[in-house]
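# Coordinate inspection notes
Below, each chain spelled out in residue letters.
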Amino acid sequence: MAATKAWVVAVVAICVVCSVVGLTAAAVAPLWPHIAYTQNVNQYYVSYFTLGRPRGHSSVQYGTESGHYSHHSTGTTRSYHAPAGYCHDVLITDVSQGVRYYYRAGNDVDGWSEEYHFLIKISTGKPTAADPVVVPIFGDMGITNSQYTIAALQTIKNVDFFYHVGDISYADDRHSDLYETVWNAWFHNMTHIHPYTPYMVLPGNHEAHSGKAVLEYSKKFNVFNYRFKMPSDNDYNMWYSINYKNIHFVSISTETDYPGCEFHSYNFGNQLGWLEADLAAAAAADARKERPWIIVSGHRPLYSSESDSYVQNMLIPLQKAIEEMLHKYKVDIFFCGHVHAQCTAIKQ
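Predicted, not measured: the structure shown is a model, and the values here were computed from it.

We now examine the packing of aromatic side chains. Per the stated rule, a full pass over the model turns up 31 aromatic pairs. Between the aromatic rings of tyrosine 44 and phenylalanine 118, the centroid separation amounts to 5.4 Å while the plane-to-plane angle is 50°, which identifies the pairing as tilted. Highlighted residues: tyrosine 44 in strand β2 (residues 44-50) and phenylalanine 118 in strand β9 (residues 116-119), separated in sequence by 74 residues. Taking the relative accessible area as the measure of exposure, phenylalanine 118 reaches 1% and is therefore buried. For the pair phenylalanine 221 and phenylalanine 263, a centre-to-centre distance of 5.6 Å together with 85° between the ring planes defines the contact as edge-to-face. Placement of phenylalanine 221 in the loop between β12 (199-201) and α3 (222-227) and of phenylalanine 263 in the loop between β14 (247-251) and α4 (271-283) is noted, with a sequence separation of 42 residues between them. Across the pair, phenylalanine 263 and phenylalanine 221 agree in class, each one buried. Through a chain of ring-to-ring contacts, three or more aromatic side chains come together here, namely Trp32, Phe49, Phe138, Phe162, Trp183, Trp186, Phe187, Tyr199, Phe224 and Phe228.

Right under this line is the structure:
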């Protein structure tokens, strides 16, 4: 939805610096590291960005003491558009719950980032009063006025992970000449959050492609799928699920892959078949005993008190696609964004 009340500071221009003989150190410096859960409690993704293509491998060094890195993992280097930059995803393994790890990204050839750290929260068992599940859930952010949201997020203590339910940078709200600048500004503004706590995302309508004139490489949620790495069963971030303590979290795409969706030409697979199978497994007796809560999140709401005809017309296809399924498997909560107003619907 349009960023009428978008929630990150002014755009920061990022310059690509080149020399006569090649990229300078500034162009291949690791930028904006962010971490995400996998479906394995002892593995995490660390992703970062470089404005140019590094000569060395995408790597992360990490360990339990500051300045001493006992582990080293290498990952993948990808680009959706070489002049924009390169995305790096590294899977770190053999980490232990309840332990703080210190890490840096980069390589010996091009140099390393500064040191960051994060605590591997205990993600199994039941939450307690002393160790509750703390997951801030929010959406529709962008880089205009969102400094207040970012400041508020930084005040929340003992966060297990942040959960951004779509409409991330609003880079498509501006002319496509500024598309990469806005994306980079959003990541820059999140540097006090992303490197330290897992940050999980799902797609919103503003991730679909750039603003006018639409950049060919930006179509089909391409930048969203490159700039983040979520624990899906394929190369996309459109839908996935994770188990966390006594909760099964399910992220879906309310933008694609069901009859009547807005971006019907952007196909990523059989989302409804995947969702049915995932919810059926989560609702099975043994699974429900271990994780009694099932929480589904998507960008668009199932219901809204907004009278706007566009909003109401877009709700109906989503209701037809998933509403019965959510009731069938006794989903506890559906979180969403898109409509810039608070609305809570409780089944009577």
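Now for the environment of valine 201. Looking at the element boundaries, valine 201 is found in strand β12. Owing to a relative accessible area of 0%, valine 201 belongs among the buried residues under this scheme. Sequence-wise, valine 201 and phenylalanine 162 are 39 residues apart; in three dimensions their C-alpha atoms are separated by 8.4 Å. The contact partners of valine 201, leaving out residues within four places of it in the chain, are His164, Ile168, Phe224, Phe228, Met230 and Tyr240.

This paragraph deals with the sheet that holds strand β16 (residues 333-335). The mixed open sheet is built from four strands, whose spatial order is β13-β14-β15-β16. Looking at the sheet topology across the chains shown, the edges are occupied by β13 (240-244) and β16. This sheet shows a mean twist of 20° between the axes of neighbouring strands, independent of strand direction. Pairing of β13 with β14 involves five bridges; the strand directions are antiparallel. Counted as the bridge partner of isoleucine 242 is phenylalanine 249 from β14. Its contacts with the sheet place α4 against β13, β14 and β15 (293-297), and it is angled at close to 175° to β14.

About the cut-offs
- Residues numbered from 1 in each chain as written.
- Predicted model: local features only at pLDDT ≥ 70, side-chain atom pairs only at ≥ 80, totals over all residues.
- Heavy atoms only, no water.
- Phe/Tyr/Trp six-rings, centres within 6.5 Å; stacked < 30°, edge-to-face > 60°.
- Helix = DSSP H or I, 4+ residues; strand = E, 2+ residues; numbered from the N terminus.
- Buried < 20%, exposed > 50% of the residue type's maximum accessible area, 1.4 Å probe, protein only.
- Contact = heavy atoms within 4.5 Å.
- Pairing = 2+ DSSP bridges.
- Axes fitted to C-alpha atoms, helices over the stretch in contact; angles between N-to-C directions.

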